[in-house]
Amino acid sequence: MNRNMLHYENGQLHMEGVALESIAGQLDTPFYCYSRGAIEHQVDSCKLAFGRIGASIHYAVKANANLAVLDLMARSGLGADIVSAGELQRVLAAGIDPRRVIFSGVGKRDEELLAALRAGVGQFNVESLPELVQLAELCRENGLRASVSVRVNPDVRAATHRHITTGTRGSKFGIDEEQLETALRMVMDSEGLDLRGLALHIGSQIVDAEPYRQACLKMRDWVQRYRARGFPVTHLDLGGGFGIDYGAGRGLDYEVVADLAQQLLGDLGVEIAVEPGRSLVGPAGILVSRAIYRKEADPTPFLILDAGMNDLLRPALYQASHELLPVRQPVDDRQEQCHVVGPICESSDLFLRDARVPPIAAGDLVVMLQAGAYGAVMASVYNSRPLVAEVMVDGQRFQTVRETISTEQMMAWESVLEQGEETDLDQL
Ligand SMILES: Cc1ncc(COP(=O)(O)O)c(C=O)c1O
């Protein structure tokens, strides 16, 4: 737990200077709660590490796209890494300079590319040969130009969950090394495209430096090889993926990656970019929930929360686990074994299996830690549940930075089939 962000005071868990119970007194549970101070702390340490090597930081918006979060990133002078026109709209609304925006993603529609071209997005990370053709065509038809980096699949194995590894052969991401020269040639030969450099992203929640070392070595090799063949590679984008400590005691320090990049790429005279998402916001957010029941069962009782997999999908999707803390400070060290589950009608709606947690009774508030990234953004309305509120704490005060989106509001967008005249097939 980040001690500065979360601490017990007078027997109550506080985020910064605010008692979580007082927020829960004013809002329905569950809700996400972010600490402004903790986000800024993460951003500062990222800037310190990568600033030292002159690298630019582009916040991966997919981790948490709330406008209040983007506003903090914009104020800190970060660029952004986006994967859709929706994320583009958000970063522009937050005031992030489009020239500092990188457009990633394996499938971009014409309208999305055009919106990004017109907004003046600074770097298009192209992930396939057809995308290069598409982008060149759009530039030609509309008299626009695009700065292109080619995202390569480095075939580096990162020890992370198979759903979040992206840099191995056979993954849908990036161009295979064998196609790299063709891709670079296509950029050089296309009128509206300017070659910027190479990009990669080897996966997410990587706690080991070794895959980054291997990826940097490959980058080094490509830069030298393709420069020798006349391709002006000036920018290298190392992606994101820096792991955080979800309770197992391991994360990856920005300094370690920055040192590697400096050691292995520093003499090439290229501009380096990174795209961290999770590490900037994950540790700064929690999901606050209330226990609905404690259900006795053989062999293990269940603690049934009012938060479900629709609110926090990571455990169901990646078998991830989030540490749980009671909001009321435990009076002793007693722990009980239970499965912590949500109310959704799916067996995969399970947050912690065979967890040992302090005694928690129905009605008690609990928090799940490290929920600031890939939490609210992945929420759904499954089981006709609302999209939960998001709150940001700033010192002694808090603000709802996204209201609950209720079932009533969702239903307002639906309609039943209009009753038309019935067609009598015999008369046709
Ligand atoms: C291209 C790209 N860049 C950056 C990121 C951010 O990764 P993370 O949130 O693990 O730092 C992702 C996420 O998978 C990504 O796909």
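For the structure, see preceding data.
Bear in mind the structure is a predicted one, so any value in this text is a computation, not a measurement.

Undergrad: Explain the sheet that holds strand β3 (residues 18–19) to me, please; I cannot follow it from the model alone.
TA: Two modes of strand pairing occur in sheets, parallel and antiparallel, and in both the strands are linked by backbone hydrogen bonds. In space, the three strands of this open sheet follow the order β1-β2-β3, with antiparallel pairing throughout. In this open sheet, the two edge strands, each paired with only one partner strand, are β1 (6–9) and β3. Alignment of β1 against strand β2 (residues 12–15), held across four bridges, turns out to be antiparallel. Note on β2: the bridge partner recorded for E9 is Q12.

Undergrad: Could you clarify how one ought to interpret unusual backbone geometry in this entry?
TA: When glycine is set aside, most residues are seen to have a negative phi, and most peptide bonds are trans. A cis amide bond links T29 with the next residue in sequence, P30, at an omega value of -5 degrees. Inspection of the secondary structure puts P30 in the loop between α1 (20–24) and β4 (31–35). Note that the residue after D298, namely P299, is joined by a cis bond; omega there is 5 degrees. With respect to the helices and strands, P299 occurs in the loop between β14 (285–295) and β15 (302–305). Of note in this structure, D155 is not a glycine but carries a positive phi near 55 degrees. Here D155 lies in the loop between β9 (146–153) and β10 (175–176). Here D155 falls in the partly exposed class, since its relative accessible area comes to 37%. Residue D354 is not a glycine yet carries a positive backbone phi of 50 degrees.

Undergrad: Would you explain the site of the ligand in this entry?
TA: The full set close to the ligand counts 15 residues, and S204, G241, E275, R278 and Y374 are the nearest of them. Contact between the ligand and S204: an oxygen atom at 2.3 Å from a side-chain N or O atom of the residue. Here an oxygen atom of the ligand sits 2.7 Å away from a polar atom, N or O, in the main chain of R278. In the complex, the protein chains occlude 93% of the 390 Å² of accessible area that the ligand would expose alone. Classifying every residue of the shell around the ligand by side-chain character gives three nonpolar, seven polar and five charged.

Undergrad: Just to check I follow, could you spell out the nonpolar core for this structure?
TA: Where a protein is soluble and globular, its nonpolar side chains tend to be buried together. Of all hydrophobic cores here, the largest spans 128 residues; its most connected members are L20, C33, I39, F50, Y59, L198 and I286. Residues lining this core come from more than one domain, with at least three contributed by each of domain 1 (6–34 + 282–411) and domain 2 (65–276). With near-sequence residues (within four places) excluded, L198 lies in contact with S149, V150, V152, L180, L184, M219, W222, V223, V233, H235, L236 and D237.

Undergrad: Looking at this structure, how should I read the pairing of β4?
TA: In terms of residue burial, β4 counts as a mostly covered element, since five of its five residues are buried. Neither face of β4 is open: one carries F31, C33 and S35, the other Y32 and Y34, and all of them are buried. Pairing analysis gives four bridges linking β4 to β14, with the strands arranged antiparallel. Bridge pairing links C33 to I286 in β14. With five bridges joining them, β4 and strand β20 (residues 389–394) adopt parallel strand pairing. Across the sheet, residue Y32 finds its bridge partner in β20, namely E390.

Undergrad: Can you walk me through the packing of aromatic side chains in this structure?
TA: Two measures describe an aromatic ring pair: the distance that separates the ring centres and the angle between the ring planes. A complete count under the given rule lists seven aromatic pairs for this structure. Above the plane of the ring of F103 lies K108, whose end atom (NZ or CZ) is 5.4 Å from the centre.

Undergrad: Looking at this structure, how should I read the pattern of salt bridges?
TA: One side chain can pair with another of opposite charge once the charged atoms of both are near each other. Per the stated rule, a full pass over the model turns up 25 salt bridges. For R109, the salt bridge goes to E112, with nearest N and O atoms at 3.8 Å. According to the relative accessible area criterion, E112 is buried, its value standing at 9%. R385 serves as the salt-bridge partner of D311, at 2.7 Å between the closest nitrogen and oxygen. Taken together, the residues D311 in the loop between β15 and α11 (314–318) and R385 in the loop between β19 (365–368) and β20 connect sequence positions 74 residues apart. Shared partners join several salt bridges into a network, and the residues in it are R36, E40, D394 and R397.

Undergrad: Sorry, what's going on with the pairing of β14 here?
TA: Sheet faces and side chains relate simply in a regular strand, where the side chains alternate between the two faces. Of the pairings in the sheet, the one linking β14 to β19 comprises four bridges and is antiparallel in character. Looking across to β19, one finds that V288 is bridged to V367. When β14 meets β15, the two strands line up antiparallel, connected through four bridges. Each residue of the ladder has a partner; that of R294, found in β15, is L303. Between β14 and β15, which pair antiparallel and follow one another directly, the connecting turn spans six residues.

Undergrad: Can you walk me through the packing of helix α5 (residues 110–119) against helix α6 (residues 129–142) in this structure?
TA: When two helices pack together, their arrangement is given by the angle between the helix axes and by the axis-to-axis distance. Close contact between α5 and α6 brings their axes to 10 Å; oriented N to C, the two are set at 55 degrees. For the element pair α5 / α6, the angle class is oblique. The hand of the α5/α6 crossing is right-handed. Taking contact as the criterion, the partners of D110, L113, L114, L117 and R118 in α5 are, on α6, Q134, L135, L138, C139 and N142. In terms of residue class, the contact of α5 with α6 is made up of six nonpolar, two polar and two charged.

Undergrad: Can you help me understand helix α4 (residues 85–93) in this one?
TA: Think of an α-helix as turning once every 3.6 residues; residues three or four places apart then point the same way. Along α4, the positions that sit buried rather than exposed are E87, L88 and V91. In a view along the axis of α4, the buried residues occupy a sector of 105 degrees, so they form one face of it. Exposed side chains of α4 directed beyond 90 degrees from the buried face belong to Q89 and A93. Looking at the buried positions of α4, the neighbouring elements they touch are α3 (67–75), β6 (79–82), β7 (101–103) and α5. Residue S84 occupies the N-cap position of α4, its side-chain oxygen lying 3.3 Å from the main-chain nitrogen of G86. G95 lies just past α4 and shows a positive phi near 85 degrees.

Scoring rules and cut-offs
- Residues numbered from 1 in each chain as written.
- Predicted model: local features only at pLDDT ≥ 70, side-chain atom pairs only at ≥ 80, totals over all residues.
- Heavy atoms only, no water.
- Pairing = 2+ DSSP bridges.
- Helix = DSSP H or I, 4+ residues; strand = E, 2+ residues; numbered from the N terminus.
- Buried < 20%, exposed > 50% of the residue type's maximum accessible area, 1.4 Å probe, protein only.
- Near = heavy atom within 4 Å.
- Polar contact = N/O pair within 3.5 Å; in protein donor to acceptor, adjacent residues only side chain to side chain.
- Areas by Shrake-Rupley, 256 points an atom, 1.4 Å probe, with all protein chains shown as cover.
- Nonpolar A, V, L, I, M, F, W, Y, C, P; charged D, E, K, R; others polar.
- Core = buried A, V, L, I, M, F, W, Y, C linked by side-chain atoms within 4.5 Å.
- Domains from an automatic or database assignment.
- Contact = heavy atoms within 4.5 Å.
- Phe/Tyr/Trp six-rings, centres within 6.5 Å; stacked < 30°, edge-to-face > 60°.
- Lys NZ or Arg CZ within 6 Å of the ring centre and 35° of its normal.
- Salt bridge = Lys/Arg side-chain N within 4 Å of Asp/Glu carboxyl O.
- Axes fitted to C-alpha atoms, helices over the stretch in contact; angles between N-to-C directions.
- Parallel < 35°, antiparallel > 145°, perpendicular 65-115°, else oblique.
- Left-handed = near helix turned anticlockwise from the far one by under 90°.
- Arc of directions from axis to C-beta.

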